[in-house]
Amino acid sequence: MRSRVAGTGSCLPARVVTNDELARSVDTSDAWIAARTGIRQRHVAADDETTSDLALAASREALAAAGLASSDVDLIVVATTTPDMIFPSTACILQAKLGARGGPAFDVQAVCAGFVYALAIADGMVRSGAVRNALVVGAEIYSRILDWRDRGTCVLFGDGAGAVVLLPAQEGGVLATKLYADGHHKDILCVPGSVRSGAVSGSPFVHMDGGHVFKFAVKVLADAAEATLAEATLPASAVDWLVPHQANLRIMDATARRLHLPPERMVVTVDRHANTSAASIPLALDCAVRDGRVRAGHHVMMVGVGGGFTWGAALVRWG
Ligand code: UT7
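Residues numbered from 1 in each chain as written. Predicted model: local features only at pLDDT ≥ 70, side-chain atom pairs only at ≥ 80, totals over all residues. Heavy atoms only, no water.

Overview of the overall build of the protein chain
In step 1: Helix and strand counts for the protein chain stand at 10 helices and 15 strands.
In step 2: For the protein chain, whose C-alpha radius of gyration is 18 Å, the value lies close to the compact-globule estimate of 20 Å for 319 residues.
In step 3: For the protein chain, the spread of C-alpha atoms along the principal axes amounts to about 55 × 45 × 35 Å.
In step 4: When each of the 319 residues of the protein chain is scored for burial, the buried share is 56%.
In step 5: Within the protein chain, contacts between residues at least 6 apart in sequence are counted, and of these 75% link residues at least 24 apart.
In step 6: As presented, the protein chain carries roughly 12,800 Å² of accessible surface, and 53% of it is formed by carbon and sulfur atoms.
In step 7: The averaged location of the 31 negative side-chain charges in the protein chain is 3 Å from the averaged location of its 29 positive side-chain charges. (Helix = DSSP H or I, 4+ residues; strand = E, 2+ residues; numbered from the N terminus. Rg over C-alpha atoms; globule rule 2.2 N^0.38 Å. Buried < 20%, exposed > 50% of the residue type's maximum accessible area, 1.4 Å probe, protein only. Contact = heavy atoms within 4.5 Å. Areas by Shrake-Rupley, 256 points an atom, 1.4 Å probe, with all protein chains shown as cover. Lys, Arg positive; Asp, Glu negative; His and termini not counted. Charge placed at Lys NZ, Arg CZ, Asp CG, Glu CD.)

Given below as structure tokens:
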């Protein structure tokens, strides 16, 4: 038994913040942000929007595309670093909003690699027969953990959610997944704060050593994709669509180059969405599915990397 992606969906908050708008409040420019990252704009959630609200809208689209009723959803896995609350999980909150009950529901905290982690876990549970189907979501409201005075981080991130539905299949579908972590790099990308005695202890904002993250990401994204292809016994040339974590166009281009894939086979949404962490891969995937680029029989390679450090890849044959 395998699992296949039967439907995709996404949700972006209505408010768009352009680079020019950011440059009015912090010492930066559209030219710098676009040249160094490829980002032109990002979506930012309204004060009363929650991560589970974005997850719900993306999930409804994915469920409609898969022809699965919300009440029939079994497993729910939400990859997020910006949950609605410390507990219960955003997945449990989403389950209630969907009107589903009884199936397992939990969050995965693997930062920007979260969606690939969640997909691999859900694939394993569908394949083993432990669950009938799975809703896998990446959802984030990073705007709430950014220091909007820090130009080194606030220009990079955005809010949004993407979702996929996995159904059992006899062939094709998720061909191989690979997950990795190295906690020795925990300090180069982190939100170090924690809640203690009713107050935040330590910084509640994203801290990043950008250069270190950049070099690490370029190396491990291509390595993870190559290991996943080896497991599926396919060459890199078999990849029809590379859907990398949308952190920085230069990191993404370097990954495609290392895999010898032409840039036109890479799905790019970082210009419009910025880095939406765990949501970036399913958001990009949904774009490419809905505009007809990803078609039955295509091989789709998803690769993610994030704080922890965590990284991984998933190779899917569409249809
Ligand atoms: O999901 C994973 C999350 N994070 C990432 O993927 C980020 C990975 N890293 C990066 O994307 C890049 O390292 C950045 C985009 C963060 C930075 O690009 P860079 O080419 O590595 O620039 P830099 O950090 O070497 O900074 C170059 C200059 C510095 O000025 P000085 O010291 O040369 O005078 C920075 O202070 O650019 C300055 N700078 C900015 N200038 C205008 C840094 N941020 C900005 C900014 N606007 N927003």
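Alright, that's what it looks like, and here's the rest.
Observations regarding the pairing of strand E13 (residues 241–244)
In step 1: Burial of the side chains of E13 extends over both faces: Trp241 and Val243 are buried on one face and Leu242 and Pro244 on the other.
In step 2: As judged from the four bridges shared by E13 and strand E14 (residues 299–306), these two strands associate in the parallel manner. Within E14, the position partnered with Leu242 by the bridge is Met301. (Pairing = 2+ DSSP bridges.)

Quick word on the site of the ligand
In step 1: As a matter of local geometry, the ligand sits amid 22 residues, with Thr28, Arg36, His245, Asn248 and Asn275 nearest to it.
In step 2: Within the backbone of Arg151, one N or O atom sits 2.9 Å away from a nitrogen atom of the ligand.
In step 3: Within the side chain of Asn248, one N or O atom sits 2.6 Å away from an oxygen atom of the ligand.
In step 4: Its free accessible area being 950 Å², the ligand has 68% of it covered by the protein chains.
In step 5: Given that more than half its atoms are within 2 Å of the pocket grid, the ligand belongs to the second largest pocket.
In step 6: Those elements that place two or more of their residues in the shell around the ligand are helix H2 (30–37), helix H6 (151–154), helix H7 (210–231) and helix H8 (249–258). (Near = heavy atom within 4 Å. Polar contact = N/O pair within 3.5 Å; in protein donor to acceptor, adjacent residues only side chain to side chain. 1 Å grid on protein atoms, 1.4 Å probe; cavity = no way out; pocket = protein on both sides within 12 Å on 5 of 7 lines; lining within 4 Å. Sits in = over half its atoms within 2 Å of the grid points.)

So, the confidence of the model for the protein chain
In step 1: Counting all residues, the mean pLDDT for the protein chain is 97, and 100% of those residues have values of 70 or more.
In step 2: Taken element by element, the predicted model of the protein chain shows its lowest mean pLDDT in strand E10 (residues 194–196) (95) and its highest in strand E4 (residues 75–79) (99). (pLDDT = per-residue confidence, 0-100.)

Thoughts on the pattern of salt bridges
Opposite charge on two side chains lets them pair, provided their charged atoms get close.
In step 1: Taken as a whole and judged by the stated rule, the model has 15 salt bridges.
In step 2: Close ionic contact of Glu21 with Arg15 constitutes a salt bridge, the shortest N to O distance being 2.9 Å.
In step 3: Since its relative accessible area comes to 44%, Arg15 is described here as partly exposed.
In step 4: Close ionic contact of Arg127 with Asp123 constitutes a salt bridge, the shortest N to O distance being 3.0 Å. Linking Arg127 with Asp123, this pair stays in helix H5 (residues 114–127), spanning four residues, or about one helical turn.
In step 5: Overall, Arg127 belongs to the partly exposed group, its relative accessible area being 39%. (Salt bridge = Lys/Arg side-chain N within 4 Å of Asp/Glu carboxyl O.)

A word on the packing of aromatic side chains
In step 1: Here the structure, examined in full by the defined rule, presents four aromatic pairs.
In step 2: Ring plane angle 65° and centroid distance 4.6 Å describe the contact between Phe216 and Phe309, whose orientation is recorded as edge-to-face. With Phe216 in helix H7 and Phe309 in the loop between E14 and strand E15 (310–317), this residue pair connects regions lying 93 residues apart in the sequence.
In step 3: Take Phe216: its relative accessible area is 14%, and that puts it in the buried class.
In step 4: A centroid spacing of 5.3 Å and a plane angle of 80° characterise the contact between Phe216 and Trp311, whose relative ring orientation is edge-to-face. (Phe/Tyr/Trp six-rings, centres within 6.5 Å; stacked < 30°, edge-to-face > 60°.)

Let's talk about the domain arrangement of the protein chain
In step 1: When cut into domains, the protein chain gives domain 1 (2–171) and domain 2 (174–317).
In step 2: The gap between the C-alpha centroids of domain 1 and domain 2 is 14 Å.
In step 3: Each partner contributes to the interface: domain 1 provides 54 residues, whereas domain 2 provides 46 residues.
In step 4: For the pair domain 1 and domain 2, the two sides together bury roughly 3,700 Å², of which 66% comes from carbon and sulfur.
In step 5: Area buried by domain 1 at its contact with domain 2 is led by Cys112, Val116 and Tyr117, which between them contribute 17% of it. (Domains from an automatic or database assignment. Buried area = accessible area lost by both parts, 1.4 Å probe.)

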